[in-house]
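Summary of structural features
Residues per chain, in single letters:
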Amino acid sequence: MPTKAKDTESKKTKAAKTTKAKTKKTRAKKSKVKKDLVIVESPAKAHTIEKYLGNKYHVIASKGHIRDLPKSQMGVDLDNNYQPKYISIRGKGDTIKELKAEAKKANKVYLASDPDREGEAIAWHVAHVLGLDEHDKNRVTFNEVTKDAVKDAFNHARTIDMDTVDAQQARRVLDRLVGYSLSPILWSKVKKGLSAGRVQSVALKLVIDREKEIKAFKPVEYWTIEAEFAHGKSKFQGSFYGLKGKKADLPNNKAVQDVLAKPDKKKPFAVTKVVKREVKRQPAAPFTTSTMQQEANRRLNFRTSKTMSIAQHLYEGVSLGREGTVGLITYMRTDSKRISPVARAEAAKFIDEEYGAEYAVKKERHFKNQEDAQDAHEAVRPTSVYRTPKSLEKVLTKDELRLYTLIWSRFVASEMTPAVFDTARYDLTQNDVTFRASGSVMKFAGYTKVYDNRSDKNVALPDLAEGAEVKMTKSDNKQHFTQPPARYTEASLVRALEENGVGRPSTYAPTIQNIQSRNYVKLEGKAIVPTELGEIVDGLVEQFFPDITSVDYTAKVENDLDEVEKGKEEWAKVVDRYYKPFSKELEKADSEIQKIQIKDQPAGFDCEICGAPMLIKMGRYGKFYGCSRFPDCRHTQTIVKKIGVTCPKCGKGEVLEKKSKKGRKFYGCSRYPECDFVSWDKPIARACPNDGHFLVEKKRKDGIVVLCPNGDYKEEPQEPEEAE
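Residues numbered from 1 in each chain as written. Predicted model: local features only at pLDDT ≥ 70, side-chain atom pairs only at ≥ 80, totals over all residues. Heavy atoms only, no water.

1. So, the pattern of salt bridges
Side chains that differ in sign of charge can pair as their charged atoms come close. In this structure the tally under the stated criterion is 46 salt bridges. Linking R117 and E565 is a salt bridge whose minimum nitrogen-to-oxygen distance equals 2.6 Å. Taken together, the residues R117 in helix α4 (residues 117-130) and E565 in helix α16 (residues 551-565) connect sequence positions 448 residues apart. (Salt bridge = Lys/Arg side-chain N within 4 Å of Asp/Glu carboxyl O. Helix = DSSP H or I, 4+ residues; strand = E, 2+ residues; numbered from the N terminus.)

Right, dumping it as structure tokens:
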């Protein structure tokens, strides 16, 4: 090879080596550039936030709490001002190692756990484990997981709010003292595996008190008279109102007959009073945690735990394709109805564009919070109203879309003008007997274009003036009985807890879940029904620890915890105030409570395995059939309820009352799977007189109706529906 060529090649090689060396140095320099570390609670949220913040930040998750009180002991030093003995949570070792390793490499550590008491406590625990300076401004919070909200939060970093941490600590310590003191008594006096706690005991008592009301309820008879009136070709309905211009009750059939005997059938009724007015109906406030859970239960049939799980996912972020992962709703644990000016302005613009200027409110609307509501966060709303439910159909699951639609619609409606109705009311009188007709017709839809939480129908009345005459064409009198108060549903129990100031947004779902998992209550359809075990536990706790089951007492605790958060109370003093009298009750209860034997009852048949008598036993999840030779024979059977009807399909088996996985009652053949008969409605031992099909019972507010599933036969209720 010529010398010149060799020199050229040598130069190229040197140049390549130099470039490679420079690249390595550059990479080394880049790798040495320290990033700011951000610690959030959820891995899903970590991924979203890291994309928003860019490559100067690294975001990881603590995956909830990393320290807590030990499970194996009380973990509270009663002799040292109730100091908690925190330990690392079992299974969190790898997470803690990762947090420490990443914090060591970081330029600065930011704590971005959720914006509530639990989130503040998590930030404090993480800071403690990592040895961070408690005076450092490293705490960031945001109400929504959107780019602007997250970036803005880092411009307003603050120190950890120790008053909020202390409020959480006071709740945790007090709940531990109550729970870990009461539960052993229940284990020794009733059965193992039971528990009692501050909030769950109140929730259970509410359910049991309602059941007592239902059992003590005595129905009262009353009657109604509905009549049809005609004016020209127009016909409309009216109801009996009263006698001689005064409202009158109809306590029995005799009173009905006395009223019906007064009017002259040949004479018309005169319109003696006309009241016409325009009525404006205002929209409901945007959701708080409680109202969201209630509406999701009522409209979507969601359990409170399911609602919160879906809402958590919508808050943390959903992948929207090119737009990336975005939080779709604001923080879902709140009892505030407040809306930010930015969100309000965006809603006004959207409503104007989508529905017209007449649908957008001109004046700023403020919804009043409950007296004890914390106003740290906004109401639950979409992070952008322009992300309509329709636009998200392809990226959300069916249930996610249903809940998002509910939240979106409720918020948009809350920023819209009222619905307007023209209402009319006529008093129709003859011979001192007055009937009253009421009608309502929508004049302007307003917010109902988007969301309506009522099911009113338009009832148009003919245009009548005082002195006009109308003819009664027919009448129908019906017997009724007053109904007992309804059992609680998850939705109404949440409302009762909130109205009584018991618990906070973060506690409603776990409280209801707890009393169900302990078998203190069971679900029958949507109704929450106390079990025998629940009644035993409630009776003991109420007798020996009356404060624990007191709504007022528990509400007072919540108020005092709020005062701790405001910096007006010391957390240890609050704990002491409640624990000292409770500890005296403990001593008395331990010595005075007699052991309760939940006796096994004979089942009335023998074990199919060994032939010994079967017993009805009480287990953790309710009653079941078990062999009397246990533990030598471990045969068990589920208890099923016979309804006394032969299977209408096979004619051999018996119809049994069963429950679906979701707790819904249904009816099926005892010979399943040989016979696949199934019905949601309760079959009865009678056939339809028209086509011979089996008849079923359906419950209505005014009683039980018997009908043919084919729709060609129906028996209206004759007696009131009795409480189960």
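2. Observations concerning the UniProt feature "site: Interaction with DNA" (unreviewed entry) in the protein
Taken from the UniProt record, the annotation "site: Interaction with DNA" (unreviewed entry) applies to H65, R171, R172, D175, Y180, W187, R333 and R518. Spatial dispersion of the annotated residues is evident: they stretch over 454 residues in sequence, and the largest pairwise C-alpha distance comes to 33.8 Å. With respect to the helices and strands, the residue H65 is situated in the loop between β2 (57-61) and β3 (67-68). In this fold, R172 is placed in helix α6 (residues 162-189). Among all residues touching R172, those that are not within four sequence positions of it are D68 and L69. Only 3.0 Å separates the side chain of R172 from the side chain of D68, close enough to count as a polar contact. (UniProt positions renumbered as here; feature names shortened; annotations may be inferred. Contact = heavy atoms within 4.5 Å. Polar contact = N/O pair within 3.5 Å; in protein donor to acceptor, adjacent residues only side chain to side chain.)

3. Quick notes on the environment of Y447
Inspection of the secondary structure assignment puts Y447 in the loop between β15 (433-444) and β16 (469-481). Separated by 163 residues in sequence, Y447 and A284 have C-alpha atoms that sit 9.5 Å apart. Once residues lying within four places of it in the same chain are set aside, the contact partners of Y447 are R281, Q282, P283, A413, M416, T417, P418, A419 and D452.

4. Quick word on unusual backbone geometry
Across the chain, the bulk of peptide bonds are trans and the bulk of non-glycine residues have phi less than zero. Cis geometry is adopted by the peptide bond preceding P631, which originates at F630 and carries an omega value of 10 degrees. Turning to its location among the elements, P631 is positioned in the loop between β21 (622-627) and β22 (636-637). A cis amide bond, omega 10 degrees, links Y672 with the succeeding residue P673. Positionally, P673 belongs in the loop between β25 (665-669) and β26 (678-679). Backbone geometry at K63 places phi at a positive 55 degrees, although glycine is not the residue there. Residue classification places K63 among the partly exposed positions, given a relative accessible area of 46%. (Buried < 20%, exposed > 50% of the residue type's maximum accessible area, 1.4 Å probe, protein only.)

5. Examining helix α2 (residues 43-53)
Here α2 has its buried residues at K45, A46, T48, I49, Y52 and L53. Contact partners of the buried residues in α2: β1 (36-40), β2, α5 (147-154), α10 (304-316) and β13 (325-326). Of the residues flanking the start of α2, the one acting as N-cap is S42, its side-chain oxygen 3.1 Å from the backbone nitrogen of A44. At the C-terminal side of α2, G54 shows a positive phi close to 90 degrees.

6. A few points about the sheet that holds β2
Read from one edge of the open sheet, three strands run β2-β1-β7, paired in parallel fashion. Each end of this open sheet is capped by a strand with a single partner; those strands are β2 and β7 (109-111). Adjacent strand axes in the sheet meet at a mean angle of 25 degrees, parallel and antiparallel pairs treated alike. Relative to β2, β1 is paired through five bridges, and the arrangement is parallel. Residue I39 lies in a different strand from β2, and its bridge partner there is I60. Set on the sheet, helix α3 (residues 93-105) makes contact with β1, β2 and β7; between it and β2 the angle comes to about 165 degrees. (Pairing = 2+ DSSP bridges. Axes fitted to C-alpha atoms, helices over the stretch in contact; angles between N-to-C directions.)

7. A few points about the pairing of strand β24 (residues 654-659)
Across a regular strand the side chains alternate sides, sitting on one face of the sheet and then on the other. Pairing geometry for strand β23 (residues 641-646) and β24, over three bridges, is antiparallel. For K641, the partnering residue across the bridge sits in β24 and is E657. Where β24 meets β25, five bridges bridge the pair, whose relative direction is antiparallel. From the neighbouring strand, L656 faces β25, where its bridge partner is G668.

8. A closer look at empty space enclosed by the protein
The tally for this structure, following the rule as stated, stands at five cavities of 30 Å³ or more. Taken together, A196, Q200, S201, L204, Y520, V537, D538, V541 and T549 form the lining of the second largest cavity. Of all the elements in the fold, those that place two or more residues in the lining of the second largest cavity are α7 (198-216) and α15 (532-544). For the lining of the second largest cavity, the residue count by class is five nonpolar, three polar and one charged. (1 Å grid on protein atoms, 1.4 Å probe; cavity = no way out; pocket = protein on both sides within 12 Å on 5 of 7 lines; lining within 4 Å. Points joined across faces, edges and corners; volume = space filled by probe spheres on them. Nonpolar A, V, L, I, M, F, W, Y, C, P; charged D, E, K, R; others polar.)

9. Description of the packing of α7 against helix α14 (residues 508-517)
Where α7 contacts α14, the two axes come as close as 9 Å, and the packing angle between them is 70 degrees. Classified by the interaxial angle, the pair formed by α7 and α14 is roughly perpendicular. In this structure, α7 crosses over α14, and the sense of that crossing is right-handed. Contact residues: α7 offers V199, Q200, A203 and L204, while α14 offers T511, N514 and I515. Across the contact of α7 with α14, the residue classes tally to four nonpolar, three polar and no charged. (Parallel < 35°, antiparallel > 145°, perpendicular 65-115°, else oblique. Left-handed = near helix turned anticlockwise from the far one by under 90°.)

10. Considerations on the nonpolar core
Proteins that are soluble and globular tend to have nonpolar side chains buried together. I39, L493 and F545 are the most contacted members of the largest nonpolar core, which totals 79 residues. Per-element tally for this core: the top contributor is α6, with ten residues. Residue-level mapping places this core at the junction of two domains, with at least three residues from each of domain 1 (36-160) and domain 2 (169-217 + 486-592). Each residue touching I39, except ones within four places of it in the same chain, is listed here: I60, S62, L99, V109, Y110, L111, A112, S113, V126 and L130. Counting residues in hydrophobic clusters, the runner-up holds 63 residues, among them Y52, V140, M416 and A419. (Core = buried A, V, L, I, M, F, W, Y, C linked by side-chain atoms within 4.5 Å. Domains from an automatic or database assignment.)

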